[in-house]
Amino acid sequence: MNKRGPRSDWARLTGHTVEVWLLGEHIMTGVVEQAADDGSVLWIAAAGANTRRLFDKPTGYRILA
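Reading the values: rules and limits
- Residues numbered from 1 in each chain as written.
- Predicted model: local features only at pLDDT ≥ 70, side-chain atom pairs only at ≥ 80, totals over all residues.
- Heavy atoms only, no water.
- Core = buried A, V, L, I, M, F, W, Y, C linked by side-chain atoms within 4.5 Å.
- Buried < 20%, exposed > 50% of the residue type's maximum accessible area, 1.4 Å probe, protein only.
- Helix = DSSP H or I, 4+ residues; strand = E, 2+ residues; numbered from the N terminus.
- Polar contact = N/O pair within 3.5 Å; in protein donor to acceptor, adjacent residues only side chain to side chain.
- Contact = heavy atoms within 4.5 Å.
- Salt bridge = Lys/Arg side-chain N within 4 Å of Asp/Glu carboxyl O.

**A few points about the nonpolar core**
Residues Leu13, Val20, Leu42, Ile44, Phe55 and Ile63 are the most contacted members of the largest nonpolar core, which totals 13 residues. Elements with a contribution of two residues or more to this core: β2 (17-22), β3 (25-35) and β4 (41-44).

Following this line, the structure appears as structure tokens:
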């Protein structure tokens, strides 16, 4: 079983499936389409009816991968 853990190296997550959390609430699971070189933001690819979404560290989002 592969357990997901918190990741701080967002810039290295392009192409990985991740879980996005904020204040203990699961926001979404998706594939990282793009990440800023400095690791401050990442974009989760659009899937089905969901549009591409941007998440940033300063807001407090946590990424599990």
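**Section: the side chain of Glu19**
Inspection of the secondary structure assignment puts Glu19 in strand β2. Within the structure, Glu19 has its side chain in polar contact with the side chain of Arg4 (distance 3.4 Å). Excluding residues within four positions of it along the chain, Glu19 makes contact with Arg4, His26, Met28, Thr29, Arg62, Ile63 and Leu64.

**Quick notes on the pattern of salt bridges**
Scanning the model with the defined rule gives three salt bridges in all. The salt bridge involving Arg7 is made with Asp9; its shortest N-O contact spans 2.9 Å. Taking relative accessible area as the criterion, Arg7 reaches 28% and is therefore assigned partly exposed. The salt bridge involving Arg52 is made with Glu33; its shortest N-O contact spans 2.3 Å. Of this pair, Arg52 sits in the loop between β4 and β5 (53-56) while Glu33 is found in strand β3, placing the two residues 19 residues apart along the sequence. On the basis of relative accessible area, Glu33 is assigned to the partly exposed category, the value being 41%.

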